[in-house]
Amino acid sequence: MRAGPIRALLFALVALLFVTPSRAAPDRVDAIVRRQMALNAIPGAAVAVVEHGRIVKIATYGMANLEWAAPVGRDTRFQLASVTKMFTGVLLMRLVEQGEVGLDDPLTRWFPDAPQSWAGITVRQLANHSSGLAEQWGAARDVTVDGIVAKAMATPLAYAPGSEARYGFTDFTVLRAILEKAGGRPLPQLLREELLAPLGMTSTGFAMATDDGSVRVGEVLPHRASVYGLRDGRLATSDFFFAPQGYGAGGLYASIEDLARFFVAMDTGRVLRPESIRALETPGALAGGKQSSFGLGWIVGSYRGATTAGHSGGPALADIVRVEARQLTVIVLTNQQLLHPLLAEAILDTYLPAPPRMPGIADDRPMIASNIRTAMTSAVADHDPVAVFAPAGKDAAASLFSPFTRAMLRGVGPLGAVELIDVLANGQRRYRLDFAYKTMIWICAADTDARLTALRPD
């Protein structure tokens with residue numbers, strides 16, 4: 001991918017942004033979104049910020065469909081991808097509150113014919129990805145939910161339940177089967193009747209698509225955004241197929257207005273009780289007293305010293321981050337698939353104070369920092385990085401030059417200072433990298449010639 005086509009594309013998108021302005025008055029969030037759209041060739045986006053039960057920001061930008069020049073509106077339906085898991089988790093807690101299912105139910109309660117190994121797995125462990133079930137990636141297009149469950153029963157466990165957490169598809173397909181048994185309705189109907197209809201979320205739902213390998217058939221979704229990706233410096237349609245059997249894990253479409261309405265309802269107690277929200281946002285307990293980063297369909301983390309919960313999908317078609325202590329939720333939707341989820345964090349930066357800046361230390365091997373700088377700038381410019389990576393660093397180089405990481409580097413802007421802040425006991429070194437729009441900590445290792453053998457965000 002060369003700079004020329006991308007530069008022309010970015011100039012065209014900047015022009016597009018100025019002829020399709022946000023519905024909100026220009027502010028810091030508008031500037032952040034427009035900058036990221038230009039840097040990463042994002043055709044369209046929608047943003048909402050909900051705080052203490054009020055929508056304090058909602059805005060739309062750019063194009064939902066480039067072929068028809070259709071602008072993004074508040075009712076534009078974006079693909080949520082894995083953010084769907086957040087709603088599966090909420091449905092689970094709705095049924096828990098109704099007494100229909102228990103988080104600590106063994107799977108054998110719901111599947112009496114399951115192998116004895118399933119007696120040691122709980123519903124909670126399905127929802128926080130610590131069940132031990134082997135992953136069933138690549139399931140045939142015509143397989144059913146029952147078929148996936150049957151295959152999971154016939155496959156030995158991949159690890160001891162509760163010993164670790166592995167993000168995947170099978171857990172949420174088996175969980176979906178339980179929700180349908182407990183709720184007495186298919187998942188799309190459960191979602192509609194338990195959440196969408198009561199909250200007036202009329203622009204949220206599944207496409208119910210089927211695909212026989214040559215023809216795809218599905219529901220007509222009014223105002224659906226087309227999905228794009230960068231191919232050789234040009235935008236091309238790039239729409240991942242979510243089969244109905246995977247709808248517990250992905251495939252939901254929703255508008256920014258519906259999602260804002262949902263989190264207003266969360267803040268005001270119209271979706272779940274406070275203790276149920278805490279359960280969603282509680283990291284899973286693992287063997288040996290460890291914690292995972294997964295709650296119940298929600299990913300738990302930390303940002304600028306605040307505990308966060310939410311999910312990304314696509315990986316950045318949808319990004320939802322919630323700071324429960326402040327009842328603050330940031331929602332970002334885009335229709336460009338090849339992105340790093342930077343936008344939600346950049347918007348959070350306008351609400352959360354920056355953490356104290358760690359002091360730098362004397363750098364006894366400045367050539368390593370120089371090689372880090374060369375590697376970063378080479379990745380953005382698509383230049384050959386071989387000279388600064390050792391043979392043992394070929395995997396690190398491949399990761400840095402992956403489309404996903406290069407999108408992140410474009411999004412954070414030009415690299416400024418590279419400063420050593422710590423040398424770890426294992427010899428690896430931590431550097432602070434001051435990019436134009438974000439400061440990040442990266443971990444690096446190098447050989448005796450300062451050539452890089454490892455390089456990754458901390």
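Residues numbered from 1 in each chain as written. Predicted model: local features only at pLDDT ≥ 70, side-chain atom pairs only at ≥ 80, totals over all residues. Heavy atoms only, no water.

Asks: Before we move on, can you summarise the confidence of the model for the protein chain with the specific residues and values?
Replies: Averaged over every residue, the pLDDT of the protein chain is 92; the share at 70 or more is 93%. Taken together, the stretch residues 1-25 has pLDDT below 50 and engages in 49 contacts with residues farther than four places along the chain or on a different chain. (pLDDT = per-residue confidence, 0-100. Contact = heavy atoms within 4.5 Å.)

Asks: Let's hear about unusual backbone geometry: which residues, and what values?
Replies: With an omega of 10 degrees, the peptide bond running from Gly-314 to Pro-315 counts as cis. Of note, Ala-81 is a non-glycine position whose phi angle comes to about 50 degrees, a positive value. Looking at the element boundaries, Ala-81 is found in the loop between strand S4 (78-79) and helix H3 (84-97). For His-129, which is not glycine, the phi torsion reads 60 degrees and is therefore positive. Relative to the helices and strands, His-129 is located in the loop between helix H5 (123-127) and helix H6 (145-154). (Helix = DSSP H or I, 4+ residues; strand = E, 2+ residues; numbered from the N terminus.)

Asks: Go over the sheet that holds strand S17 (residues 439-446), please, and point to the residues and values.
Replies: The antiparallel open sheet is built from four strands, whose spatial order is S15-S16-S17-S18. Among the strands making up the open sheet, the edge pair consists of strand S15 (415-423) and strand S18 (452-457). Sheet twist, expressed as the mean angle between neighbouring strand axes with direction ignored, is 25 degrees. Pairing of strand S16 (residues 429-435) with S17 involves six bridges; the strand directions are antiparallel. By the bridge assignment for S17, Leu-433 is matched with Met-440. Across the sheet, helix H14 (residues 403-412) touches S16, S17 and S18, and the angle it forms with S17 is around 135 degrees. (Pairing = 2+ DSSP bridges. Axes fitted to C-alpha atoms, helices over the stretch in contact; angles between N-to-C directions.)

Asks: Describe the pattern of salt bridges, naming the residues involved and giving the relevant values.
Replies: Applying the stated criterion to the full structure yields 24 salt bridges. With its nearest N and O atoms 3.1 Å apart, the salt bridge here joins Arg-124 to Asp-104. Of the two residues, Arg-124 is situated in helix H5 and Asp-104 in the loop between H3 and helix H4 (107-110); the sequence distance between them amounts to 20 residues. Asp-104 sits in the exposed class, given a relative accessible area of 52%. Notably, a salt bridge pairs Arg-451 with Asp-447, separated by 3.2 Å at the nearest N-O pair. Connected through shared salt-bridge partners, Arg-94, Arg-185, Glu-193 and Glu-194 make up one network. (Salt bridge = Lys/Arg side-chain N within 4 Å of Asp/Glu carboxyl O. Buried < 20%, exposed > 50% of the residue type's maximum accessible area, 1.4 Å probe, protein only.)

Asks: Now, about the packing of H3 against helix H8 (residues 187-199): what can you tell me, with residues and values included?
Replies: Contact geometry for H3 and H8: axes closest at 11 Å, N-to-C directions at 70 degrees. Here H3 lies roughly perpendicular to H8, going by the angle between them. For the pair H3 and H8, the crossing hand works out as left-handed. Contact with H3, carried on its side by Phe-87, Val-90, Leu-91 and Arg-94, involves Leu-187, Leu-190, Leu-191, Glu-194 and Leu-195 of H8 and no other residues of that element. Among the residues making up the contact of H3 with H8, the classes are represented as seven nonpolar, no polar and two charged. (Parallel < 35°, antiparallel > 145°, perpendicular 65-115°, else oblique. Left-handed = near helix turned anticlockwise from the far one by under 90°. Nonpolar A, V, L, I, M, F, W, Y, C, P; charged D, E, K, R; others polar.)

Asks: I'd like a rundown of the environment of Val-217, residues and numbers included.
Replies: With respect to the helices and strands, Val-217 occurs in strand S7 (residues 216-217). Not counting residues up to four positions away in its chain, the partners in contact with Val-217 are Met-208, Ala-209 and Thr-210.

Asks: Just give me the short version of helix H2 (residues 28-39), but keep the residues and values in it.
Replies: In an α-helix there are 3.6 residues to a turn, and that puts residues three or four apart on one side. Counted at 1.5 Å a residue, the expected span for H2 with its 12 residues is 16 Å, and the 17 Å between its end C-alpha atoms agrees. Every buried residue of H2 is listed here: Val-29, Asp-30, Ile-32, Val-33, Arg-34, Gln-36, Met-37 and Ala-38. Of the residues flanking the end of H2, it is Ala-41, one or two places downstream, whose phi is positive at about 50 degrees. (Expected span 1.5 Å × (residues − 1).)

Asks: Account for helix H7 (residues 170-183), with residues named and values stated.
Replies: Compared with an ideal rise of 1.5 Å per residue, which puts 14 residues at 20 Å, H7 spans 20 Å between its outermost C-alpha atoms and is within 8% of the ideal. Of all the 14 residues making up H7, 12 are buried; the element is thus mostly covered by neighbouring parts of the structure. For H7, the complete set of buried residues consists of Thr-170, Asp-171, Phe-172, Thr-173, Val-174, Leu-175, Arg-176, Ala-177, Ile-178, Leu-179, Ala-182 and Gly-183. Next to the buried residues of H7 lie H3, H4, H5, H6 and H8.

Asks: For the packing of aromatic side chains, give the residues involved together with the corresponding values.
Replies: By the definition in use, this model includes seven aromatic pairs. Between Phe-87 and Phe-262 the ring centres are 4.9 Å apart and the planes differ by 50 degrees, which places this aromatic pair in the tilted class. Of this pair, Phe-87 sits in helix H3 while Phe-262 is found in helix H9 (residues 256-267), placing the two residues 175 residues apart along the sequence. Consider the rings of Phe-111 and Trp-118, whose centres lie 5.8 Å apart with planes at 85 degrees: the pair is edge-to-face. In this structure Phe-111 comes out as buried when scored by relative accessible area, which is 6%. A connected cluster of aromatic rings, assembled from ring pairs, spans Phe-87, Phe-262, Phe-263 and Trp-298. (Phe/Tyr/Trp six-rings, centres within 6.5 Å; stacked < 30°, edge-to-face > 60°.)

Asks: Can you tell me about the nonpolar core, naming the residues and giving the values?
Replies: With 75 residues, the main nonpolar core has Phe-111, Trp-118 and Phe-262 as its most contacted residues. A total of eight residues in this core trace back to one element, the largest contributor, which is H9. Not counting residues within four places of it along the chain, the set of residues in contact with Phe-262 comprises Phe-87, Val-90, Leu-195, Leu-199, Met-201 and Val-271. (Core = buried A, V, L, I, M, F, W, Y, C linked by side-chain atoms within 4.5 Å.)

Asks: Quick rundown of the pairing of S17? Include the residues and the values.
Replies: Between S16 and S17, which follow one another and run antiparallel, lie three residues. With five bridges joining them, S17 and S18 adopt antiparallel strand pairing. Bridged to Ala-446 within S18 is Leu-452. Between the end of S17 and the start of S18, which pair antiparallel, lie five residues, with Ala-450 showing a positive phi angle near 70 degrees.

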